[in-house]
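The residues making up each chain are set out below.
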Protein chains: 2
Amino acid sequence: MSDAPAASGGAEPPSKNALKKAQKEKEKAEKRAAAKARELADRSKKDADDAADVSADAYGELPLCGSKDYTVTGTKRVDIADAASNEDKEITFRCWVENARVQSAKLAFLNLRQNLSTVQAVVAASDKLSKQMVKFCGSISTESTLVVTGLVKRVKEPIKSASITDFEIHVQKLFIEAKAEIPLPLQVSDAERPLPNDTAVDEQTQDEGGERPLVSLNTRLNNRTLDLRAKINQSIFVIKSGVCALFQEFLSKRGFVLVHTPKILGAASEGGANVFELKYFGRPAYLAQSPQFYKQMLIASRFQKVMEIGPVFRAENSNTARHLTEFTGLDLEMEFQENYHEVMGVLEDLMLFIFGELNARYRKETELVRGVYHVDEFKLPESGKVPRIPFQEGIKMLREAGEELGDYDDLTTPQEKRLGALVLEKYNTDFYTLDQFPLAIRPAYTMPSPVDPALSNSYDMFMRGQEICSGAQRIHDSTLLAEQMRKHDPPIDPTGAGTKDYVECFKYGCPPHAGGGFGLERIVQFWLGLPNIRMTSLFPRDPQRVVP
Amino acid sequence: MSDAPAASGGAEPPSKNALKKAQKEKEKAEKRAAAKARELADRSKKDADDAADVSADAYGELPLCGSKDYTVTGTKRVDIADAASNEDKEITFRCWVENARVQSAKLAFLNLRQNLSTVQAVVAASDKLSKQMVKFCGSISTESTLVVTGLVKRVKEPIKSASITDFEIHVQKLFIEAKAEIPLPLQVSDAERPLPNDTAVDEQTQDEGGERPLVSLNTRLNNRTLDLRAKINQSIFVIKSGVCALFQEFLSKRGFVLVHTPKILGAASEGGANVFELKYFGRPAYLAQSPQFYKQMLIASRFQKVMEIGPVFRAENSNTARHLTEFTGLDLEMEFQENYHEVMGVLEDLMLFIFGELNARYRKETELVRGVYHVDEFKLPESGKVPRIPFQEGIKMLREAGEELGDYDDLTTPQEKRLGALVLEKYNTDFYTLDQFPLAIRPAYTMPSPVDPALSNSYDMFMRGQEICSGAQRIHDSTLLAEQMRKHDPPIDPTGAGTKDYVECFKYGCPPHAGGGFGLERIVQFWLGLPNIRMTSLFPRDPQRVVP
């Protein structure tokens, strides 16, 4: 076992091609080495001209980090958020430049960032630090990555321009590790500011109170890798990662098995509309619109409780602020013993756990994001009990508020939002459940209600008046399922290529079960009160956008 | 807030269509109720004929669990694995039938299963339990789902046919919750047995020592929902879920953010071969072959450490025992400070953690699966240090063992296996890393080695001599990256639609970084020593198979 690659030994000669290639590579390497030598010679000449540079070894551009050798200096790299615990100590850290400015021939300031923290750095000329170094440091391009060594010093007046207000860094060494080209196609400081009011996809840049114009969502998304550097975006995706982790943490403690069901299907299954078709070794195949059939088939396979986190594909030509063609589904399905409300209880407890832990573990990020858009706190039921409102009761509330709709009509998006406001008023919560939806507006596999055959054992969950989850008890009997599929509008053939295996799996003793599917991006969007779902997808996909 | 759906009240009448539909549904419900009444009448007549049935209320088929009302009995359901702690107590549990047999008019036995546990149940006629009930219980079809109430009784002789050997259940009540049709297209007991020796996709059923013929992989996969009920399969997927959880547990403690990168791409990126094409609103789009470009773009976006668990699509026409067209990628990418070996250290520690915890938390499942195939323990380095073998050293070892190959040749699969055996012999470990691969056989974005320009800062990880991970330091400089892409074989256009955003993101100060991608199914396959990777995918996809 060795930590260093061996010299290319061995009895057999390498192949001719490999030798040729190796020879070529070596020649190039020699050329590079010669160029480097010339560069060094030039520099030492410049140094000689410029004999006063006492800091020659303390600044400059590092060669491309290609792991030149297998030794490491091992210098400890510090998190600048820990500055306070390093007062008066010398620390070394990687960071990037928010801005750099030369104040005078002897003084330069830099705002340095690392994650969500920023700190001020001072480069002051002295007998140990040259004016050349001050000039170099003060003129580094924004967004360049640096390795900085300096002393952590307490300041008398709090620094307003940085998140670390009580300390600054007195720079001793400063090297550019990766220089950012200028100009940047998008300023990260612009990405920190809100979107223009019109957050539709084709919005135009707008003015807001005489400041710099707000940058449109399209411009941001076209330059997404710079856009994502903004603290607001870093925070959004730390929260998104957190929601996934909390989802799994809660459910795995309750015995759920994480599964991965296929995204490529041999036949379109759930009705066939809004499905992406692909070429699969000379025949058509389709992208999964949800793991619905598969998670139920796993319950039929005795998995008892399954969860899945995975991409969901919808070929729906919806260009709204809350639709994506590819999003992340948080799915679960489980047996219940007597009543599907057992499963609703699990879903409600799951969401209360996620909200509670987001408040506890991700408060800083949550506040940072909500602050930009002046969004209210997310209200949770004080009793700890989530309002579980029968659909018919919801209809009644809407009618009493002046809405006109039938007993078995689906709610429009404005009606959903309206109902959310009414529920907030009555129950003081931004999170609630609607139960017992009309059967006709639910998928064919939904268990009809025993209370009223026009209703069903199905439910949706809402955050700030918008749907984040749809779920139901599913039919676990093959005969009834086939019957319901046939009389569905539009009818579905239970013996079709995309349905046969699914329908038949319920012939062999499947227990009663229910489940639900959450849209991860929607949970994040409505938790934070963001105006557009695209902000919660790293590289969003919609009917117009498949890049970057 | 109410737990019961309200009666369909409200001032407005429902729509005409809804009313019609509701009317129809009500008529059907009435018909069903009438049929049920007839059935009950028939039954009570039969009961009268059969006046001696003192157990009439203690057995039978339950009506379809459609959550008839919103009250629940709340009877506690017990895990039969906890039988020992319920000695002499009455317990109620859901289970399914492994087999049922009538011994005599007064005695029936059932083997009942719940998860990985099986228990024997006795139905014995007495003055409280009718012969009719004995007959009913003894003739229930295999795989039916039951709800059973009975006493837990210690037995004198250990029961060999069940996993619970010291206790049996004296049945008091037994109801069929979901009856399995007969015949089953696949016996679960057959699914518990090994695959025939030839595990290729088109293998034929074979005999083994005069027993029942072994069932082919194809037959099993065609009946996958029954196949998955086998304990061996349940164990495989509990372990797979565990590997995912352990991957995330280890990495999130180290600050990795879980990300979800797009699976639909506007242009084929990494070379363009082996990509599935799909129709995207009238233009072509492609399925991601890996999250490679995106996870690097996120490092350029200052995410520092990212991980992803998601589907990976390969349109490769490989019909082998270790290829799938859709598998689960465990990906990670991170900044490093000085040397890419920092990242290799993380990858090695990650895998040692996963192996250690699989041994600790999933020993039962691991032993169950390995037992079926007589697979050896997975050997880990005793020193805790993973052998990190330079590629050239590996070549040397192979040559010394008689293999013929050039210094810069890629290893064939048999050579990889051979090397695995040599490493096992020398270092006594089934897990090791090869480092510093020839540049020419790696992707264009791989950082060339400073030691020998024909080598690269790249590595693969192996389990039982088979590759499970490929990784490298990546080029984080836009100019060098474009240069390497152009001279790659075949050349890649760095300004193309699928590469431009990727190449350009390295213009703005990206830190040095490295990472790797694991195939989840391969980790599970080689951990357990399984003959075919399809066994580790719930619903495997290969060039021939897209169903179920």
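Residues numbered from 1 in each chain as written. Chains lettered and ligands numbered in written order. Predicted model: local features only at pLDDT ≥ 70, side-chain atom pairs only at ≥ 80, totals over all residues. Heavy atoms only, no water.

Before going further, it helps to spend a moment on the sheet that holds strand 12 (residues 326-335) of chain A. Residues and elements named next belong to chain A. Strand order in the open sheet made by the eight strands is 7-11-12-17-16-15-14-13, with mixed pairing throughout. Strands at the two margins of the open sheet, each flanked by one partner only, are strand 7 (257-258) and strand 13 (388-390). Two strands pair when backbone bridges link them, and strand 13 and strand 14 (residues 431-435) are joined in this way by three bridges, in the parallel orientation. Looking at the pairing, Arg-388 lines up with Thr-433 of strand 14. Its contacts with the sheet place helix 7 (residues 292-300) against strand 11 (305-313), strand 12, strand 16 (466-474) and strand 17 (513-519), and it is angled at close to 25° to strand 12. On top of the sheet, helix 10 (residues 391-400) reaches strand 13 and strand 14; it is set at about 80° to strand 13, its chief contact. (Pairing = 2+ DSSP bridges. Helix = DSSP H or I, 4+ residues; strand = E, 2+ residues; numbered from the N terminus. Contact = heavy atoms within 4.5 Å. Axes fitted to C-alpha atoms, helices over the stretch in contact; angles between N-to-C directions.)

So, on to the relation of the copies chain A and chain B. Each copy of the sequence occupies a distinct position, and chain A is placed on chain B by a rotation of 180° and an axial shift of 0.0 Å, giving an RMSD of 0.0 Å. The superposition operator between the copies reduces to a two-fold rotation axis. Residues of chain A ranked by C-alpha distance from the rotation axis are headed by Leu-278 of chain A, positioned 2.0 Å from it. Most of the interface of chain A is mirrored in chain B, where 100% of its interface residues are also at the interface. (Least-squares fit on C-alpha atoms with pLDDT ≥ 70 in both.)

So, about the sheet that holds strand 17 (residues 513-519) of chain B. Residue and element names in this part refer to chain B. Read from one edge to the other, the open sheet built from eight strands follows the order 7-11-12-17-16-15-14-13, with strand pairing classed as mixed. Looking at the sheet topology across the chains shown, the edges are occupied by strand 7 (257-258) and strand 13 (388-390). Note that strand 15 (residues 458-463) and strand 16 (residues 466-474) share six bridges and pair antiparallel. Its bridge partner lying in strand 16, Tyr-459 is registered against Gly-471. In the packing of helix 6 (residues 231-253) onto the sheet, contacts are made with strand 7, strand 11 (305-313), strand 12 (326-335) and strand 17, and the angle to strand 11 comes to roughly 155°. Sheet contacts for helix 10 (residues 391-400): strand 13 and strand 14 (431-435); angle to strand 13, the most-contacted strand, approximately 80°.

Here we come to the interface of chain A and chain B. Contacts between chain A and chain B engage 150 residues on the former and 152 residues on the latter. The junction of chain A with chain B conceals about 12,900 Å² of combined surface from both sides, 58% of it contributed by carbon and sulfur atoms. Taken together, the links from chain A to chain B amount to six salt bridges. Note that Glu-335 of chain A and Arg-94 of chain B form a salt bridge whose closest N and O atoms lie 2.7 Å from each other. (Buried area = accessible area lost by both parts, 1.4 Å probe. Salt bridge = Lys/Arg side-chain N within 4 Å of Asp/Glu carboxyl O.)

That bond from Ile-182 of chain A to Pro-183 of chain A is cis: its omega, -5°, falls within 30 degrees of zero. Along the chain, the position of Pro-183 of chain A falls in the loop between strand 6 (167-178) and helix 3 (188-191). Geometrically, the link from Asp-489 of chain A to Pro-490 of chain A is a cis peptide bond, its omega value of -5° lying close to zero. Along the chain, the position of Pro-490 of chain A falls in the loop between helix 12 (478-486) and helix 13 (500-504). A positive phi is found at Glu-143 of chain A, a non-glycine position, where the angle reads about 80°. Judged by its relative accessible area of 3%, Glu-143 of chain A falls in the buried class. Of note, Asn-115 of chain B is a non-glycine position whose phi angle comes to about 55°, a positive value. Within the secondary structure, Asn-115 of chain B sits in the loop between strand 3 (107-114) and strand 4 (117-124). Owing to a relative accessible area of 23%, Asn-115 of chain B belongs among the partly exposed residues under this scheme. (Buried < 20%, exposed > 50% of the residue type's maximum accessible area, 1.4 Å probe, protein only.)

It is worth spelling out the domain arrangement of chain A at this point. Residue and element names in this part refer to chain A. Splitting chain A by domain gives domain 1 (74-178) and domain 2 (231-536). Summarising the inter-unit geometry, the C-alpha centres of domain 1 and domain 2 are found 48 Å apart. Between domain 1 and domain 2, the contact holds four residues from the first and five residues from the second. Between domain 1 and domain 2, a total of about 420 Å² is buried, with carbon and sulfur atoms accounting for 64% of that surface. For the pair domain 1 and domain 2, the interface holds one salt bridge. Its salt-bridge partner being Lys-231, residue Glu-98 comes within 3.6 Å of it at the nearest N-O pair. On inspection of domain 1 and its partner domain 2, the count reaches zero residue pairs in polar contact (both at pLDDT 80 or more). Along the lines of polarity and charge, the residues of the side of domain 1 that touches domain 2 split into one nonpolar, one polar and two charged. (Domains from an automatic or database assignment. Polar contact = N/O pair within 3.5 Å; in protein donor to acceptor, adjacent residues only side chain to side chain. Nonpolar A, V, L, I, M, F, W, Y, C, P; charged D, E, K, R; others polar.)

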